[in-house]
Each structure stands twice: as C-alpha cells, then as structure tokens.
Amino acid sequence: MSQDQQQKAGPEFLLGAWMKTATDFWGSMTEMWQSTLATQQKSTSSQKNAKARPQELWDASFNIWQTMVSAYSTPETMDAAARGMHALPEIVLRMAKTGWEGYFHLQQQWLEKAGTIGSRTEAYKFEDLDRDTFRAWLEIYQKDFGQFLNIPQLGLTRSYQERINRAVDKFNLFQVEAAEFLYLFYLPLEKSLRVMGENFQELSQEGNLSDNFKDYYNMWIKILEGHYMTLFKSPEYTLALSKAINSAEDFIDARQELLADGLKALHIPTDKDMDELYKELYLLKKKVKALEKKVDNR
Amino acid sequence: MSQFKIPVDRILAKVAEDAERVRTISEKASDVLLGPLDTDISTTPGEVVYREDRLTLKHYAPIGGDGPKTPLLIVYALINRETMLDLQPGRSVVQNFLKEGIDLYMIEWGYPTRKDRYLTIDDHVNGYMDNVMDFIRQRQNLSKVNLMGVCMGGTFSVIYAALHPEKVKNLITTVTPTNFDTEKGLLHIWFKDFDVDRTVKTFGNMPGDLLNIIFLLLNPARLMIDKYVGFLENIDNKVFVENFMRMEKWIFDSPDVPGETFRQFIKDCYQNNLLIKNKMEVGGTRVDLKKITMPLLNIYGRFDHLVPPEACELLTRKIGSKDTEDICLDTGHIGIYVSSKCQKELSPKIARWLKERDKIEQKAEATKSRAKKSNDKKSKARAKASPRKKKKAGNQI
C-alpha cells in the first residue's frame, strides 16, 4: 500500500471527508429551508414576528458547526486529533493486554497449584498453608479488573453508578474470600480420607479389618473431628474466617446502599431512615422510664 | 504405599444381612414421621406476671414442699432461648426445681427487632433486670431475691449482683463466662479478632442465624454430619425422633442479639476481658466484683467447648464473698441442663445449696437475736447496778 493510499485509509482522512460531506449536505438543506420559509412568510404576514426563532436557532448551530469544521481543517488541529485517534486503539489494546496478562498469569498459577492441591500440608498440620492461588486471584482482580470499578463516575447519576460499581466490586471480593474459606474448610475432609487410607493399611497388615461399616464410619468421624479442631485453632483459619465474614458484610452493606436507592424512589423508608427514628424512640423511652422511676421513688 | 485389602466381600455380605432390617426401619420410619409427633417444648404451665417491651416474666408455682424460702429468678442468655430449661416433661430443669419446692421466676427476653439495636448491657442489667427484681421483691414482700444466671445471662447476673448487692440474696452462675482471656474455647479465639463494629453497622442486631452458623462451625463433624447420621439410625424410634426434634427446635430458635449489647459484650469481655479485672463500666458505673458479698455457687462443664472451665472458675476467687463453691460437672455446655445424669445432679444440688444458705441465715439470725437479748439483759443489769449511768444515757437519747 502506498503512503498516499495509507493516508487515505487513515481516520483523519475519513473524518475530514465526513465533515466536508456533512457540511455540504446541511448547508444545502439550510438553503432549501430558508427559501421555503421565505415563501411561507410572504403568504402569512401574521406570522412575521414569529419568523424564525427556529431558523435563528438553526443558523446559530450551523455557524458553530462551520466554525468547528474550519478550525479542524487547520493542519495543527487535524494533526492533534489524528494523534488522539491513533492512540485510541492503542489504549484499548493496552487495556485488553493487561487483562489478558492477568488472566494468563492466574491460569498459570491454577495449573501449577492444581497438581499439588492436597499434598501441600501434612495430616493434622495446618500451618503455612499454601493459599497462593486465592491470593493471586485477589491480587489480579484488585490490580487488573477491580480498578475499573473504582474509576470516578461523572454527572447526575454519578453516585448511583458508584454504588452499583461498589456492590459489584464487593461481591467479587466476597467471592474470593469465601472461596478461600471454603477451601480451608474442605481440607480436613481430604486429610481425614488420607488418614483413613493409612489406617486401613495398618489394620490390613495387622489383619484387624472390620466387616462392619459403622466401625469405619466411627473411625472416620473421629479423625475428621480431630482435623477440624486442629484447623480451627490455626491462625490461618481464624484469619480466613474473619476475612470471609468481613467481606460478606461489606457486600451486604454495599447491596443495602444500592437497594436504598430503589426504596427511596418508591418512597419506602430505608434502614438508615428507620434507624434514626429508632434511636430517637430509644432515647425518649429511656428518658420516660428514668422519670417514671424517679416519680415512683418519691 | 503398599497394597492393602478391604474386605469388601464381607462388608457386602453384612449389608445384605442388614437389608431386611433397613426395610423394617424404613417402614417404621414412615409411620413415625407421618404420624402425630409430640415435639412441643416449654410446656410447664407458668403465669406471665410482668411485661416490659419485649421481655416477659413467668412465674412457676412450686409443686413440692420444703423448698428454699426465697424465690429464685433465672436469667437466661440473649443467645438462643430459655426453652432449653424446659425441653420436655421428665427432662426439664424448671420441673425439677418445682419438685424441689423452689418458687421460680424466669425472664423470657423475647425476639429483639431492629428497633432494639440501641439497647445496651446497661439497659438489660440496670433496666429490665432491676425492674424485674424490684417487681418480685414487691410482689413477695422481700428485700432480697435469689438470682441464677445461665451463660451470658450469668454474666449479666454477676454484673447485676456487683451493682445491686443489696437486692441479691444468693447468686448462682451456671456455665457463665467471666474470664475471657483463655485460648481453650474456640469462641474466645475467634472473637479476639472479630470486627464487631462492622457487623453491627451491617446488620444492626447480631443475627441469630449468623450466630448459629458460628456455633455449627465449632464442631462440623459432630453437629453437621454425625448428629444426622444418628437421627437416621434411630428414625424408627418415635421417642428418639420426638426428643431429637425438640432439641432441633430449640437449637435453631435463635433470636437476634441487640447490636449495642453485642458490641459491648464482645469488646469489653471477649476482646479486653474487663469484667474480671474490675474495669468494665455499665451505665457509667465501674463493675467491682469485690462488691459481690452474697454466697455464690458457680457451676460449669468440664467438656464445655463454648465456655470452658478456664472461663468460669476464676470468678469465685475474684469476688468479695467468702461463701463460694465451684462445681465442675463432667459434661458440656448444654449437657448440664439436658443430660439425664446432670438432670439428677443439678437441680437437687442447687435446691440443697439454697436451703443450706437459709439454715446458715437462720443460725446467724438466731445468734444475732441471742446476742441482742444478752446485750439487752446486760444493759438492764448495768442499769440496775448504776442508775446514774442510765439517767445519763437517757439524757443522751
């Protein structure tokens, strides 16, 4: 493709061509409209004063358009606009690249971890659990996806949009924390089965295998209970539990704020409105009860 | 790992043997589940004698005679309901107390709604509890009443006894946490880092369902698996099913806990352990355990995973009274009230202890009156011997 052809296919060339065509079209349309209007005014003198408010408006708008087109036609402006237009796909591409990189990184982490799940910790030991998968997912979400939800919103609906984004963001964070908590909660099940396997082996070697299923069940439930007790006392579990509860509460809070917008539109009092009322009622009742007691004691 | 052989053939043979039994159980189970089941709880008749907001006070008249002279007020926790003390006929602490001749009052806290979120520990202790105590004292024409607290209700009772010692004759605490600085109970570990401000901000009150989830997570193997396996094994046993359903009804009947009360309980007790250090403030007054000068009976469970012995046993050493007794029963948190073995121990022990305190009081009163009489006699004798002195005394009066 020659340089001339490349230029002709570029966005600045297309924009310039479109502006010229649009100006030509609306210019001829205006002329037509003016001539029609002039004929009408001749026939109805009573409408003389009403002339042309729409026409004046149109004229003003068209003049602005023409000024803009002529301003754009200067080589400097065209160059600046073209640079912006060239940059746009680049920005989009960069955004997509960041997202994909994050996704691939996560996938890579998953693949690495998938093979090792269950073999990372020893039975009855829950220290130093490898929870990198969830941390990686959280990090990627916060760095690559979550930040888009925190872009400041503009205009009249700004606060509403921000509340929607906040609810979505908190929901996503809750999903990650809940997944980590559930993973930890599942570990004792997995470990208890492994210990059961070892017990089977021992019993088999000793020739003490029972033919009563209930014996195995009792053995398993006892092992499971022990594993849970060990897990529950580990700092990792306490941390995961409190994070899961906190993130659930953050999401519920954000959801309530969002719902409150809907309730307000329907003229239904929100929790916040009711809480204010309840507080006043509480203080009032407390005061009355204290006074009542004072009177009774006299 | 070397190969091992599970006797699948023998297990399968056993399963086949059991097949007939399983079929019979299934048939009976459908009869049991589809037939009428008596699963009512809290059936002992009582009279509602006082109401305030969501609170009701029930009075139970004693069945047996020769009980303690002073009525006993039971204060249950705000978590779960007091129906646990009256689960079923023959397994009811309330009925056992009545048989022991105890004149019984019990507070029912009811179900807090969002409007109750601002109620504090002060409102419960210096408000509701004090009003109830005043009501009973007035109704029975007494200056003091016996007070018994259960779990968190016990903590409230300890606070009440420290703030109003003049109104409490004897104090009984059962599975009552007062020392929160222990790593033995999982709740004590988990609540240390619990963000209670966030919870109260989000929910207003602490939801009963959330508390239930936390309790289930304390022992999921037993509470979420084994319990229901046991139910399935006994599903053809009508009495077992009825008892199981009663317990199930009680466990999942969980009122919310008023937000501000929960916030203070977690922060002052679980996170800062202020009560046992005499640093907790309720209604602007410091709770000084040394002011608890009445006799104290402190009962707790050796295998209690919610309120371990370490959380209970320190109390008797920290209060002002010298008449204290610790009893550690070989059971868990709920077992104290519902296990057949403890049913036979708990109520008779409490009744006996209260009656002994009556006797000690009678003895003390008799000694006091004897001393008074002898003092009067001595004074009269002195007056006879020295009329001038009498005159002087008379002048002084």
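Rules behind the numbers
Residues numbered from 1 in each chain as written. Chains lettered and ligands numbered in written order. Predicted model: local features only at pLDDT ≥ 70, side-chain atom pairs only at ≥ 80, totals over all residues. Helix = DSSP H or I, 4+ residues; strand = E, 2+ residues; numbered from the N terminus. Buried ≥ 20, exposed ≤ 12 C-beta atoms within 10 Å, placed from the backbone. Contact = placed C-beta atoms within 7 Å. Nonpolar A, V, L, I, M, F, W, Y, C, P; charged D, E, K, R; others polar. Pairing = 2+ DSSP bridges. Axes fitted to C-alpha atoms, helices over the stretch in contact; angles between N-to-C directions. Parallel < 35°, antiparallel > 145°, perpendicular 65-115°, else oblique. Left-handed = near helix turned anticlockwise from the far one by under 90°. Core = buried A, V, L, I, M, F, W, Y, C linked by C-beta atoms within 7 Å. Expected span 1.5 Å × (residues − 1). Bend = angle between axes of the 7 residues up to and from the residue. pLDDT = per-residue confidence, 0-100.

Draft legend 1. Examining the overall build of chain B more closely. For chain B, the helix and strand inventory stands at 15 helices and 12 strands. Across its three principal axes, chain B shows a C-alpha extent of roughly 110 × 50 × 50 Å. Within chain B, the fraction of its 397 residues that count as buried is 39%.

Draft legend 2. A look at the interface of chain B and chain A. The interface of chain B with chain A comprises 31 residues on the first partner and 27 residues on the second. At the level of elements, α1 (8-34), α5 (186-190), α6 (196-203) and α8 (220-233) of chain B are the ones that each hand at least two residues to the side of chain B that touches chain A. A total of five residues in the side of chain B that touches chain A trace back to one element, the largest contributor, which is α8(B). For the side of chain B that touches chain A, the class distribution of residues is 13 nonpolar, six polar and 12 charged.

Draft legend 3. Representation of the pairing of strand β7 (residues 145-150) of chain B in the model. Residue and element names in this part refer to chain B. Counted residue by residue, β7 has six buried out of six residues, so it is predominantly covered. The alternating pattern of β7 places Val145, Leu147 and Gly149 on one face and Asn146, Met148 and Val150 on the opposite face, and all of these are buried. Two strands pair when backbone bridges link them, and strand β3 (residues 72-75) and β7 are joined in this way by four bridges, in the parallel orientation. When the sheet's bridge partners are listed, Ile74 is paired in β7 with Met148.

Draft legend 4. Examining the sheet that holds β7(B) more closely. Residues and elements named next belong to chain B. Read across the sheet, eight strands follow the order β1-β2-β6-β3-β7-β8-β11-β12 without closing on themselves; strand pairing throughout is mixed. Among the strands making up the open sheet, the edge pair consists of β1 (47-52) and β12 (324-329). Across the sheet, the axes of successive neighbouring strands diverge by a mean angle of 20°, strand direction being ignored. With four bridges joining them, strand β8 (residues 168-174) and strand β11 (residues 296-301) adopt parallel strand pairing. Directly across from Leu171, in β11, lies its bridge partner Leu296.

Draft legend 5. Representation of the packing of helix α6 (residues 158-206) of chain A against helix α7 (residues 213-232) of chain A within the structure. Residues and elements named next belong to chain A. Here α6 crosses α7 at 135°, and the two axes come no closer than 9 Å. As the angle between them shows, α6 and α7 are arranged oblique. Judged by the sense of rotation from one axis to the other, the crossing of α6 with α7 is right-handed. Listed contacts from α7 to Leu184, Leu187, Pro188, Leu189, Lys191, Ser192, Val195, Met196 and Asn199 of α6 are Met219, Trp220, Ile223, Leu224, His227, Tyr228 and Leu231. Its residues assigned to classes, the contact of α6 with α7 comprises 12 nonpolar, three polar and one charged.

Draft legend 6. Main features of the pairing of β11(B). All names here are of chain B. For β11, the tally of buried residues reaches six of six residues, placing the bulk of the element in the interior. Where burial is concerned, the two faces of β11 agree: the one with Leu296, Asn298 and Tyr300 and the one with Leu297, Ile299 and Gly301 are both buried. Relative to β12, β11 runs parallel, the two sharing six bridges. Following the sheet pairing, Leu296 is matched in β12 by Thr324.

Draft legend 7. Examining the nonpolar core more closely. Core analysis: the biggest nonpolar cluster contains 114 residues, and B:Leu73, B:Ile74, B:Val75, B:Leu104, B:Leu147, B:Ile159 and B:Ala161 have the highest contact counts within it. Those residues in contact with B:Leu104 that sit more than four places away from it in its chain are B:Tyr60, B:Pro71, B:Leu72, B:Ile74, B:Val94, B:Phe97 and B:Leu98.

Draft legend 8. Region of interest: the environment of B:Ile266. Residue and element names in this part refer to chain B. Within the secondary structure layout, Ile266 lies in helix α10 (residues 259-271). Taking the C-alpha atoms as reference, Ile266 lies 15 Å from Gly154; in sequence the two are 112 residues apart. Here Ile266 is in contact with Phe191, Phe194, Val196 and Gln271, once residues within four sequence places are set aside.

Draft legend 9. Layout of the packing of helix α3 (residues 121-140) of chain B against helix α4 (residues 152-163) of chain B. All names here are of chain B. Contact geometry of α3 with α4 gives a least axis separation of 10 Å together with a crossing angle of 80°. Judged by the angle between their axes, α3 and α4 are roughly perpendicular. Across from His124, Val125, Asn126 and Met129 in α3, the residues of α4 making contact are Phe156, Ile159, Tyr160 and Leu163. In terms of residue class, the contact of α3 with α4 is built from six nonpolar, two polar and no charged.

Draft legend 10. The arrangement of the environment of B:Lys69 in detail. All names here are of chain B. Relative to the helices and strands, Lys69 is located in the loop between β2 (55-60) and β3. With 15 C-beta atoms counted inside 10 Å, the residue Lys69 sits in the partly exposed group. Spatially, the C-alpha atoms of Lys69 and Pro255 are 34 Å apart, while their sequence positions differ by 186 residues.

Draft legend 11. Here's a closer look at α3(B). All names here are of chain B. The end-to-end C-alpha separation of α3 is 27 Å, in line with the 28 Å expected for 20 residues at 1.5 Å each. The sharpest bend along α3 reaches about 30° and sits at Asp130. Along α3, the positions that sit buried rather than exposed are Ile121, Asp123, His124, Val125, Gly127, Tyr128, Met129, Val132, Met133 and Ile136. Positive backbone phi, at 55°, marks Asn141, one or two positions downstream of α3.

Draft legend 12. Examining the confidence of the model for chain B more closely. Averaged over every residue, the pLDDT of chain B is 91; the share at 70 or more is 94%. Across residues 389-397 of chain B, where pLDDT falls below 50, the model places two contacts with residues more than four positions away in sequence or in other chains.

Draft legend 13. Summary view of the confidence of the model for chain A. On average, chain A scores 78 in pLDDT, and the residues at 70 or more come to 65%. Confidence drops under pLDDT 50 across residues 117-121 of chain A; counting only partners more than four residues distant or on other chains, this segment forms four contacts.

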